[in-house]
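Structural overview
For reference, the chains in residue letters:
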Amino acid sequence: MSTATATASPAATDTAPPSRRRTKRRYGPGTLTVATWIVAILFVFPLLWMILTAFKQENDAYTDPPKLFFSPTFDQISNVLNSGFLPYLGNSAFVTVISTLLVLLLGIPAAYALSLAPVKGTKNALGFFLSTKMLPIVAAIIPLYVISQNTNLLDTVWALIILYTAMNLPLAIWMMRSFFLEVPGEMIEAARIDGANLPTLLRKIIMPVVAPGIAATALICVIFSWTEFFYAVNLTAARAGTVPVFLVGFITSEGLYWAQLSAAALLASLPVMIVGWIAQNHLVRGLSMGAVK
């Protein structure tokens with residue numbers, strides 16, 4: 001019986017691998033690569049179409065079917081730059097940078113306290129931070145408008161800085177807390193035994209470990225601040241308008257100027273795309289922290 005079993009088991013093992021090999025060949029790396037490229041092209045296609053339209057004349061942008069081959073021109077980009085785009089760009093850059101720095105300045109100590117030095121009521125604090133994101137911003141716009149008007153912050157960049165900091169801070173604390181939890185406790189204990197105080201511990205031990213996560217958090221705050229529209233359009237007018245408010249000016253009663261609007265959208269999204277391209281390695285590393293144990 002043992003011989004029969006021994007001779008039967010190789011036959012069973014010989015029949016199983018071909019089916020598995022056929023399955024692997026059917027859904028091999030090549031198929032997954034092609035599927036990934038198709039999905040990537042579908043996601044990137046609107047951006048590519050916007051870039052193409054930005055270099056068209058208005059009559060070429062309205063053709064049906066659309067023109068894929070045309071004489072590129074910089075007229076639309078020049079028109080956008082000459083229509084007062086740079087002040088809006090400066091306002092967006094100032095508000096985004098300052099609010100992101102404030103978020104990091106306030107969020108890093110809070111994330112450290114809620115992760116590596118928790119106290120009684122930590123879960124309540126985390127729940128409170130999360131609850132601040134549940135209020136629809138449209139429900140708070142009238143009180144915010146009245147407060148901004150009474151404090152002389154209406155139509156100023158400082159009103160947007162305060163609101164964007166408050167808007168991004170809960171999310172940043174939650175994200176950075178998860179990154180701080182990945183710091184090995186043995187490293188912190190060894191540093192404390194060596195006599196490191198809290199500033200030294202943060203600067204030399206913890207920050208190098210969580211730097212990719214902080215970079216990912218900062219990039220997400222930059223994107224949210226740069227693209228925010230509701231607060232900006234309701235609390236600014238002539239002096240503190242941001243890039244999203246500038247883009248609304250191309251929606252007129254005469255219709256949409258697709259080429260000019262695409263050129264404005266390209267100029268508006270270019271800074272964020274450049275920052276994202278530069279920080280992509282830190283973003284991937286930061287968002288993948290804790291994914292593999």
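Bear in mind that the values here come from a model prediction, so they are computed numbers and not experimental data.

**Focus on the overall build of the protein**
- Helix and strand content of the protein: 14 helices and two strands.
- Across the 293 residues in the protein, those meeting the buried criterion constitute 33%.
- Of all intrachain contacts in the protein linking residues separated by at least 6 positions in sequence, the fraction that spans at least 24 positions is 76%.
- Surface accessibility of the protein: about 17,800 Å² in total, with carbon and sulfur atoms responsible for 70%.

**So, the confidence of the model for the protein**
- Averaged over every residue, the pLDDT of the protein is 82; the share at 70 or more is 85%.
- Confidence drops under a pLDDT of 50 for residues 1–14, and excluding neighbours within four residues, the segment shows zero contacts in the predicted structure.

**Concerning the environment of Phe69**
- Following the sequence through the fold, Phe69 ends up in the loop between helix H3 (58–61) and helix H4 (75–82).
- Take Phe69: its relative accessible area is 76%, and that puts it in the exposed class.
- With 13 residues separating them in the primary sequence, Phe69 and Lys56 have C-alpha atoms 9.9 Å apart.

**Considering a nonpolar patch on the surface**
- Together, Val39, Phe43, Val44, Leu47, Leu48, Leu270, Met273, Ile274, Trp277 and Ile278 give the surface a local cluster of nonpolar side chains, amounting to about 980 Å² of exposed area.
- Listing elements by their share of the nonpolar patch, those giving two or more residues are helix H2 (29–54) and helix H13 (258–278).
- Residue position: Val39 is located in helix H2.
- Judged by relative accessible area, Val39 falls into the partly exposed class, the value being 42%.

**Focus on the UniProt feature "transmembrane region" (unreviewed entry) in the protein**
- Within the UniProt annotation, "transmembrane region" (unreviewed entry) is assigned to residues 30–52, 93–114, 126–146, 158–180, 201–226 and 257–279.
- Spanning residues 126–146, this segment combines 76% helix with 0% strand, and its end C-alpha atoms are found 29 Å apart.
- As a span, residues 201–226 carries 100% helix and 0% strand, and end to end its C-alpha atoms are 33 Å apart.

**Regarding the packing of aromatic side chains**
- Taken as a whole and assessed by the stated rule, the structure comprises six aromatic pairs.
- For the pair Tyr112 and Phe180, a centre-to-centre distance of 6.4 Å together with 75° between the ring planes defines the contact as edge-to-face. Of this pair, Tyr112 sits in helix H5 (residues 85–115) while Phe180 sits in helix H8 (residues 157–180), and the two are 68 residues apart along the sequence.
- By relative accessible area, which is 9% here, Tyr112 ends up buried.

**Description of H8**
- In a regular helix each residue adds 1.5 Å, so 24 residues correspond to 34 Å; H8 covers 32 Å between its end C-alpha atoms and thus fits that length.
- The largest bend along H8 reaches roughly 35° and is located at Leu169, with the proline Pro170 sitting one to four residues downstream.
- For H8, the tally of buried residues reaches 17 of 24 residues, placing the bulk of the element in the interior.

**Looking at the pattern of salt bridges**
- Evaluation of the coordinates by the stated rule reveals two salt bridges.
- In this structure, Arg239 and Asp155 form a salt bridge, with 3.6 Å as the shortest nitrogen-oxygen distance. Residue Arg239 is located in the loop between helix H11 (230–235) and helix H12 (243–248), and its partner Asp155 is located in the loop between helix H7 (137–150) and H8; the two are separated by 84 residues in the primary sequence.
- For Asp155, a relative accessible area of 11% gives the class buried.

**Focus: the packing of H5 against H8**
- Here H5 crosses H8 at 35°, and the two axes come no closer than 7 Å. For the crossing formed where H5 meets H8, the hand is right-handed.
- Among the residues making up the contact of H5 with H8, the classes are represented as 22 nonpolar, six polar and one charged.

**A few points about the nonpolar core**
- With 27 residues, the main nonpolar core has Met176, Phe180, Ile206 and Val210 as its most contacted residues.
- Looking at this core, the elements with two or more residues in it are H5, helix H6 (122–131), H8, helix H9 (185–193) and helix H10 (198–227).
- When residues of this core are assigned to their parent elements, the largest contribution, eight residues, is made by H10.
- When near neighbours in sequence (up to four residues on either side) are disregarded, Ile206 contacts Tyr112, Leu116, Phe180, Val183, Ile188 and Leu201.

Parameters at a glance
- Residues numbered from 1 in each chain as written.
- Predicted model: local features only at pLDDT ≥ 70, side-chain atom pairs only at ≥ 80, totals over all residues.
- Heavy atoms only, no water.
- Helix = DSSP H or I, 4+ residues; strand = E, 2+ residues; numbered from the N terminus.
- Buried < 20%, exposed > 50% of the residue type's maximum accessible area, 1.4 Å probe, protein only.
- Contact = heavy atoms within 4.5 Å.
- Areas by Shrake-Rupley, 256 points an atom, 1.4 Å probe, with all protein chains shown as cover.
- pLDDT = per-residue confidence, 0-100.
- Patch = residues over 30% accessible without salt bridge, like charges linked within 9 Å, V, L, I, M, F, W, Y side chains within 5 Å.
- Salt bridge = Lys/Arg side-chain N within 4 Å of Asp/Glu carboxyl O.
- UniProt positions renumbered as here; feature names shortened; annotations may be inferred.
- Phe/Tyr/Trp six-rings, centres within 6.5 Å; stacked < 30°, edge-to-face > 60°.
- Expected span 1.5 Å × (residues − 1).
- Bend = angle between axes of the 7 residues up to and from the residue.
- Axes fitted to C-alpha atoms, helices over the stretch in contact; angles between N-to-C directions.
- Left-handed = near helix turned anticlockwise from the far one by under 90°.
- Nonpolar A, V, L, I, M, F, W, Y, C, P; charged D, E, K, R; others polar.
- Core = buried A, V, L, I, M, F, W, Y, C linked by side-chain atoms within 4.5 Å.

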